[in-house]
Amino acid sequence: MSLKGYSSTYYLLCVVAFLMMLATQITNPLLSIFAKRIGATGVMIGYAVAAYWVSRVILELPSGFISAKYGYYKPMVAGALLTVAGNMLTINVESPVFLVVVRAIMGLGAPLFFAISMTFIVNLFDAERRGSAMGLFQGIEFIGTVIGSGMSGYVIENLGFRGGFILSSALAVAATVLLVAPPHIRRETQQRTAKMSMNLGDLPEVLVNPTLLIMAVITLAEFVMSTGLIYTVFPLYAEETLGFPLANIGYIMGARSVGFVVAMFTMGAISDRLGRKPVLTFGIVSTAALIFAMNYVTDYYALAALICVIGFTSGAIWIMGPVLAAEAVKPHQRGAGIGVYRTFFDLGSVFGPIIMTAVLAAYGITYCFYMSALLLLISVPLAMMIKESRD
């Protein structure tokens, strides 16, 4: 993957995304445990995790129109400021209800920064380099996930949850400063916005696009698995049933992120050569098989290795999502296309924690693994129906 021709604005956005993700992942992998410690029980734990994603749903689809009307720069800055505000408010959370509210505030910031920056990057590159560029962007972003997830248990054990939230706030502030201070980000994003106008009349055409709808359903299934199983009920299962300390749980979550980042740096470039559909199908089938096998593994090192591989295979799904969503629609509709994709990404993250905590309470962890694997397998025939378009 050649890095020649990538602008300084692109690299700076990669750094900002890295810091934003690092700020989130310092505490996010153990959020379900924090919610339980401040009094949340049963499905209320799922609500605490899902609140962030509920508010994201509100802005994902409109983000394409927001960027078309106001440009890329102002909404990205607004998103960063909302992320800072949410992190700072979390420092003093003492009740499950307040946690839900604060998480919702943080969720409003994510689509304004991440969805709009992804749209900007998609429009910055042609089809031959788009997969590689998006893979590098998401790869650097998710290095923040690797570091944040890996050190989350250590940070919480040594600083407590309040100390972790303070550290997250500081990182979010640093990301915002890097986004606002350099003048060339504002200049380059304004130049690109003028070329990509869009109006509400385009929305019906985007919403009925077959490839985009298929990708939306696949994304929904994947995020029910990742957010509901991996990020919500698995930490509870690891602490309460397997007896792992918080630091070890954090390391396991970090292992998944390692595999994910490897996928981000490789699968985009591979899809540029072999096609999007083969990479996507590989990711779905492999992840489903590994999630099924996860039910039978209880050893700490074996689980860490398995989840690392799951990170790689599910990463193949993630990287194809925004690329296929953008290429399925006309160039000036890409903001809305990515908005639709990310709306289903968020819906999976809304329903996943609620569904999986309910299944865990009623039937146990085994059925959580089986349900997640089944949802992915159901989406395989849909993936085979995708028609690629390299525009």
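None of these values were measured; they are calculated from a predicted model. (Residues numbered from 1 in each chain as written. Predicted model: local features only at pLDDT ≥ 70, side-chain atom pairs only at ≥ 80, totals over all residues. Heavy atoms only, no water.)

(A) Spotlight on the packing of helix α10 (residues 246–274) against helix α11 (residues 276–294). Where α10 contacts α11, the axes come no closer than 7 Å and their chain directions differ by 130°. The angle between α10 and α11 falls in the class oblique. The residues of α11 that touch α10, namely those facing M267, G268, I270, S271, D272 and L274, are R276, P278, V279 and F282. For the contact of α10 with α11, the residue count by class is six nonpolar, two polar and two charged. (Axes fitted to C-alpha atoms, helices over the stretch in contact; angles between N-to-C directions. Helix = DSSP H or I, 4+ residues; strand = E, 2+ residues; numbered from the N terminus. Parallel < 35°, antiparallel > 145°, perpendicular 65-115°, else oblique. Contact = heavy atoms within 4.5 Å. Nonpolar A, V, L, I, M, F, W, Y, C, P; charged D, E, K, R; others polar.)

(B) Region of the structure containing helix α5 (residues 96–124). Under the 1.5 Å per step criterion, the end-to-end length of α5 is 42 Å for 29 residues, consistent within 8% with the ideal 42 Å. At A110, α5 shows its maximal bend, which comes to roughly 25°, and the proline P111 appears one to four places after that position. A large share of α5 lies buried, amounting to 22 of its 29 residues. (Expected span 1.5 Å × (residues − 1). Bend = angle between axes of the 7 residues up to and from the residue. Buried < 20%, exposed > 50% of the residue type's maximum accessible area, 1.4 Å probe, protein only.)

(C) Quick look at the side chain of T83. One can find T83 in helix α4 (residues 73–90). For T83, the contacting residues outside a window of four places in its chain are M20, M106, G109 and A172.

(D) Expanded view of the pattern of salt bridges. Per the counting criterion, the structure on display carries four salt bridges. Between E240 and K36 there is a salt bridge, and its shortest N-O distance comes to 2.4 Å. Of this pair, E240 sits in helix α9 (residues 210–240) while K36 is found in helix α2 (residues 31–37), placing the two residues 204 residues apart along the sequence. Judged by relative accessible area, E240 falls into the partly exposed class, the value being 47%. Here R276 ties to E327 by a salt bridge, and the two come within 2.7 Å at their closest N and O atoms. Of this pair, R276 sits in helix α11 while E327 is found in helix α12 (residues 300–327), placing the two residues 51 residues apart along the sequence. Per residue, the accessibility class of R276 equals that of E327, and both read buried. Here the salt bridges do not stand alone but share partners, grouping D272, R276 and E327 into one network. (Salt bridge = Lys/Arg side-chain N within 4 Å of Asp/Glu carboxyl O.)

(E) Representation of the packing of helix α1 (residues 8–25) against α5 within the structure. Two numbers describe how α1 lies on α5: the axes approach to 11 Å, and their chain directions differ by 155°. In terms of their interaxial angle, α1 and α5 are classed as roughly antiparallel. For the element pair α1 and α5, the recorded crossing hand is left-handed. In this structure, α1 contributes T9, Y10, L13, V16, A17, M20 and M21 to the contact, and α5 contributes F113, F114, F120, I121 and L124. (Left-handed = near helix turned anticlockwise from the far one by under 90°.)

(F) View of empty space enclosed by the protein. Across all of its chains, the model carries four cavities of 30 Å³ or more by this definition. A volume near 420 Å³ is recorded for the largest cavity. Taken together, 27 residues make up the lining of the largest cavity; nearest its centre are M21, Q25, W53, F142 and W318. Of all the secondary-structure elements, those providing two or more residues to the lining of the largest cavity are α1, α3 (43–70), α5, α6 (127–180), α9, α10 and α13 (334–363). In terms of residue class, the lining of the largest cavity is made up of 14 nonpolar, eight polar and five charged. (1 Å grid on protein atoms, 1.4 Å probe; cavity = no way out; pocket = protein on both sides within 12 Å on 5 of 7 lines; lining within 4 Å. Points joined across faces, edges and corners; volume = space filled by probe spheres on them.)

(G) Just a nonpolar patch on the surface, in detail. Taken together, L89, V97, F98 and V101 make up a surface patch of nonpolar side chains, about 320 Å² in accessible area. Counting residues per element, the nonpolar patch draws most heavily on α5, which supplies three residues. Within the element layout of this structure, L89 appears in helix α4. (Patch = residues over 30% accessible without salt bridge, like charges linked within 9 Å, V, L, I, M, F, W, Y side chains within 5 Å. Areas by Shrake-Rupley, 256 points an atom, 1.4 Å probe, with all protein chains shown as cover.)

(H) Highlighting the packing of aromatic side chains. In this structure the tally under the stated criterion is 17 aromatic pairs. Measuring from centroid to centroid gives 5.5 Å for F244 and Y300, while their planes differ by 80°, and the two rings are edge-to-face. Highlighted residues: F244 in the loop between α9 and α10 and Y300 in helix α12, separated in sequence by 56 residues. When sorted by exposure, F244 lands in the same class as Y300, which is buried. Relative to Y370, the ring of Y367 lies with its centre 6.3 Å away and its plane at 70°, an arrangement referred to as edge-to-face. (Phe/Tyr/Trp six-rings, centres within 6.5 Å; stacked < 30°, edge-to-face > 60°.)

(I) View of the layout of surface pockets. Taken as a whole, the largest pocket spans an internal volume of roughly 170 Å³. Along its surface, the largest pocket is lined by K36, T41, G42, I45, L236, Y237, E240, T241, T357, L360 and A361. Among the elements of the structure, α9 and α13 are those that each provide at least two residues to the lining of the largest pocket. A class-by-class count of the residues in the lining of the largest pocket yields five nonpolar, four polar and two charged.

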